[in-house]
Amino acid sequence: MPPAPWSPLLIAALCEDWVVGISLTVASLPVLCLAQTIHMQEGALPRPSISAEPGTVIPLGSPVTFVCRGPAGVHAFRLEREDRSQYKDNYDVSLVSPFLSEATFRIDSVSEDSAGHYRCIYHKASRWSQHSEQLELVVKGEDTTWALP
């Protein structure tokens, strides 16, 4: 007996890498293939970048500004610390160029507690991006040890 025109094998081939179950109906095929096409076109959002101004080694009590950059159309950036236990969202996103947006996060006076690893993510099209690379902030204090003669 020849296979039906819409056998599961044929459906799997039409939808490329989808694994299709036997209980599919002919009517559900276009919807599944469309969903797969949209998913493949969306893909993962590109990673943002992170930098620190004036740099990553900051004297105790001095200011530092983290700059998170991503593609145009970003709704919000998030600056995360270490294990994501501390974070801050910024909805004040600036369009730097037709293809690039950014947000800044300022610490007015760094302390020893400010030192650590930071990274950014952004929110666009109802989803969060991948994380940026980690940036390590080093806080340098004045040497208060006494030299004895």
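Our subject is the structure listed above.
The sections below set out a description of the structure shown in this document. Only a predicted model underlies this, so the values are computations on that prediction, with no experimental measurement involved.

1. A word on the environment of Val96
Logical step 1: Turning to its location among the elements, Val96 is positioned in strand E6 (residues 94-97).
Logical step 2: Classification of Val96 by relative accessible area gives partly exposed; the value is 45%.
Logical step 3: A C-alpha to C-alpha distance of 8.4 Å links Val96 and Ala72, two positions 24 residues apart in sequence.
Logical step 4: Val96 has contacts with Ser101 and Glu102, leaving out every residue within four places of it along the chain.

2. Re the layout of surface pockets
Logical step 1: By volume, the largest pocket is sized at about 150 Å³.
Logical step 2: The wall of the largest pocket is formed by Phe66, Leu79, Arg81, Gln86, Tyr87, Lys88, Phe105, Arg106, Ile107 and Tyr118.
Logical step 3: In terms of residue class, the lining of the largest pocket is built from 6 nonpolar, 1 polar and 3 charged.

3. Thoughts on the state of the cysteines
Logical step 1: For the structure on display, the rule yields 1 disulfide.
Logical step 2: A disulfide bridge connects Cys68 with Cys120, and the sulfur atoms are separated by 1.8 Å. Between Cys68 and Cys120, the disulfide has an S-S torsion of -50 degrees and is therefore left-handed. Taken together, the residues span a long stretch of sequence, with Cys68 in strand E3 (residues 64-71) and Cys120 in strand E8 (residues 116-124) at a distance of 52 residues. No difference in accessibility class separates Cys68 from Cys120, as the two residues are buried.

4. Here's the deal with the pattern of salt bridges
Logical step 1: Under the criterion given, the structure shown has 5 salt bridges.
Logical step 2: Glu133 is the salt-bridge partner of Arg47, the closest N and O atoms lying 3.3 Å from each other. In this pair, Arg47 sits in the loop between helix H2 (29-42) and strand E1 (49-53) while Glu133 sits in the loop between strand E9 (127-128) and strand E10 (135-140), placing the two residues 86 residues apart along the sequence.
Logical step 3: On the accessibility criterion, Arg47 (44% relative accessible area) is partly exposed.
Logical step 4: What makes Glu133 exposed here is its relative accessible area of 54%.
Logical step 5: As a salt-bridge pair, Arg69 and Glu102 come within 2.9 Å of each other at their nearest N and O atoms. Taken together, the residues span a long stretch of sequence, with Arg69 in strand E3 and Glu102 in strand E7 (residues 100-107) at a distance of 33 residues.
Logical step 6: A relative accessible area of 26% places Arg69 in the partly exposed class.

Definitions and limits used
Residues numbered from 1 in each chain as written. Predicted model: local features only at pLDDT ≥ 70, side-chain atom pairs only at ≥ 80, totals over all residues. Heavy atoms only, no water. Helix = DSSP H or I, 4+ residues; strand = E, 2+ residues; numbered from the N terminus. Buried < 20%, exposed > 50% of the residue type's maximum accessible area, 1.4 Å probe, protein only. Contact = heavy atoms within 4.5 Å. 1 Å grid on protein atoms, 1.4 Å probe; cavity = no way out; pocket = protein on both sides within 12 Å on 5 of 7 lines; lining within 4 Å. Points joined across faces, edges and corners; volume = space filled by probe spheres on them. Nonpolar A, V, L, I, M, F, W, Y, C, P; charged D, E, K, R; others polar. Disulfide = S-S within 2.5 Å. Salt bridge = Lys/Arg side-chain N within 4 Å of Asp/Glu carboxyl O.

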